[in-house]
Amino acid sequence: MLQLILRRFTKVLLWFAGGSVLLVLLFRVVPPPGTALMVERKIESWFDGEPIDVQRTWKPWDEISDDLKVAVIAGEDQKFPEHWGFDIGAIQAAFAHNERGGSIRGASTLSQQVSKNLFLWSGRSWLRKGLEAWFTGLIEVLWPKQRILEVYLNSVEWDEGVFGAEAAARHHFGVGARSISRQQASLLAAVLPNPRVWSASHPTSYVARRAGWIRQQMSQLGGDSYLLGLNDSRRAPWSQ
C-alpha cells in the first residue's frame, strides 16, 4: 500500500513539474490572459458583496514607458538584473528584522512577485512559499529578464481591480502606458508595497517622499540606458 501511494505521489509530482514547465514556456511567448491574483480579487469582491470590474489591458514591451520600467526596478528590486530570482542579502536582512519583532518585512524580488501573482494565491504558508520558489526558478531559467519585467508590468496591482501599466496609467492619470512621465512613473512605483491603500494620483506626504527617493535612484541607476543590457546582465550562478 505504501509503495502504491509513493508511486502515485511521484506520478502526480512529475505531471505537475512537466505541466508547469510547459505553462511557463507558453507564457514566454503568449501574453497570460489573466493572473491568479485577479481571480482571487474577483472572488473576494463577491464575498464582500461589492463586485469589482477587473481592469487590465496587455501592452507589449515597446508600448510601456521606459521611465516606469526603471522606476519599478528602482523602487522594488534594484538587484533585479543581477540575481537569479532571489536576493539572498535582502532575505537575510528581512529574516533578522522579523526575528526582532514588530512589522513583518518582506524581501520578494520582481521575479517572485510575478510567480506569486501569476500562478499562486496570497498568504504566507510554507506550501505557497515552496511553490513560489519553484515557479520563480522556472521563470528565471526559461524567460529573459525583459520578459519577466514585461509580465510584471502587465500583471501587478495598482488599485482595487486595476492591474497592469495600461489600466493604471488610465485610472490614475488619464494617459496610456506609453505616455507615463518620469514623475508619474515614480508615483506608481511608490505605491506598489500597498496599492490598495495608497494612491498614485492622490499621494500622501509619505508616498510623495518615497516617489522623490525613487526618482533619485532612477538617476543613479542611469535612467533609460539602464535597460539596454537587461537580458545580458546576469552571470551564471557557479561563476559568482
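Quick caveat: nothing in here was measured; it's all calculated off a predicted structure. (Residues numbered from 1 in each chain as written. Predicted model: local features only at pLDDT ≥ 70, side-chain atom pairs only at ≥ 80, totals over all residues. Heavy atoms only, no water.)

**Focus on the overall build of the protein**
Of regular secondary structure, the protein possesses 10 helices and 2 strands. When the helices and strands of the protein are placed in sequence order, the string is α-α-α-α-α-α-α-β-β-α-α-α. Within the protein, buried positions represent 43% of all 240 residues. Sequence-distant contacts in the protein: of pairs separated by 6 or more residues, those separated by 24 or more amount to 71%. Carbon together with sulfur atoms contributes 58% to the accessible area of the protein, which is approximately 13000 Å² in total. (Helix = DSSP H or I, 4+ residues; strand = E, 2+ residues; numbered from the N terminus. Buried < 20%, exposed > 50% of the residue type's maximum accessible area, 1.4 Å probe, protein only. Contact = heavy atoms within 4.5 Å. Areas by Shrake-Rupley, 256 points an atom, 1.4 Å probe, with all protein chains shown as cover.)

**Thoughts on the packing of helix α9 (residues 182-190) against helix α10 (residues 205-221)**
At their nearest, the axes of α9 and α10 sit 8 Å apart, and the two run at 115° to each other. Two packed elements cross with a definite hand, and for α9 against α10 that hand is right-handed. Residues R182, Q183, S186, L187, A189 and A190 of α9 form the contact with α10, whose participating residues are V207, R210, A211, I214, R215, M218 and S219. For the contact of α9 with α10, a count of residues per class yields 7 nonpolar, 3 polar and 3 charged. (Axes fitted to C-alpha atoms, helices over the stretch in contact; angles between N-to-C directions. Left-handed = near helix turned anticlockwise from the far one by under 90°. Nonpolar A, V, L, I, M, F, W, Y, C, P; charged D, E, K, R; others polar.)

**Points about the environment of W58**
Mapping W58 onto the fold places it in the loop between α2 (36-48) and α3 (66-76). Separated by 24 residues in sequence, W58 and G34 place their C-alpha atoms 9.4 Å apart. Apart from the residues within four sequence positions on either side, W58 is in contact with P31, P32, R147, E150, V151 and N154.

**A look at the side chain of D77**
Summarising the element assignment, D77 is placed in the loop between α3 and α4 (88-99). Despite being buried, D77 has no salt bridge partner; K145 is the closest side chain of opposite charge, sitting 6.2 Å away. Non-local contacts of D77, meaning those with residues more than four positions away in its chain, are made with V72, H83, T109 and L110. (Lys, Arg positive; Asp, Glu negative; His and termini not counted. Salt bridge = Lys/Arg side-chain N within 4 Å of Asp/Glu carboxyl O.)

**Describing the pattern of salt bridges**
Taken as a whole and judged by the stated rule, the model has 14 salt bridges. Here E132 makes a salt bridge to R128, at a shortest N to O gap of 2.6 Å. Residue E132 and its partner R128 are both found in helix α6 (residues 126-142); the two are separated by 4 residues, about one turn of the helix. On the basis of relative accessible area, R128 is assigned to the buried category, the value being 3%. The salt bridge partner of E140 is K145, with a shortest N-O separation of 2.9 Å. Side by side, E140 and K145 carry an identical accessibility label, which is buried. Each of R41, E44, E157, E160 and R196 takes part in a single network of salt bridges with overlapping partners.

**Here's the deal with the packing of helix α5 (residues 110-119) against α6**
Packing of α5 against α6 brings their axes to within 8 Å, and their N-to-C directions diverge by 115°. Taken together, the axes of α5 and α6 are roughly perpendicular relative to one another. Crossing of α5 over α6 shows right-handed handedness. Contacts between α5 and α6 involve S111, Q112, V114, S115, K116 and F119 from the first element and R128, E132, F135, T136, I139 and E140 from the second. Residue classes in the contact of α5 with α6 are distributed as 4 nonpolar, 4 polar and 4 charged. (Parallel < 35°, antiparallel > 145°, perpendicular 65-115°, else oblique.)

**Considering the UniProt feature "transmembrane region" (unreviewed entry) in the protein**
The residues that UniProt annotates with the feature "transmembrane region" (unreviewed entry) are residues 12-30. As annotated, residues 12-30 has a helix share of 95% and a strand share of 0%, and its two end C-alpha atoms lie 26 Å apart. (UniProt positions renumbered as here; feature names shortened; annotations may be inferred.)

**Observations concerning the nonpolar core**
Counting 52 residues, the largest nonpolar core has L68, V72, W143, L149, Y152 and W158 as the members making the most contacts within it. Among the secondary structure elements, those contributing two or more residues to this core are α1 (2-29), α3, α5, α6, α7 (145-155), α8 (165-173), α9 and α10. For this core, the element with the most residues is α3, which contributes 6 residues. Those residues within four positions of L68 in sequence are excluded, and the remaining contacts are L153, W158, A165, I180, A185 and L188. (Core = buried A, V, L, I, M, F, W, Y, C linked by side-chain atoms within 4.5 Å.)

**Focus on the packing of aromatic side chains**
The final tally for this structure, using the stated rule, is 4 aromatic pairs. Plain terms: the ring middles of F119 and F135 are 4.4 Å apart, the flat faces sit at 15° to each other, and that makes the pair stacked. Within this pair, whereas F119 is found in helix α5, its partner F135 is found in helix α6, the two being separated by 16 residues in sequence. Under the relative-accessibility criterion, F119 is labelled buried at 17%. Among the aromatic residues, those joined into a ring-pair cluster are F16, F27, F119 and F135. (Phe/Tyr/Trp six-rings, centres within 6.5 Å; stacked < 30°, edge-to-face > 60°.)

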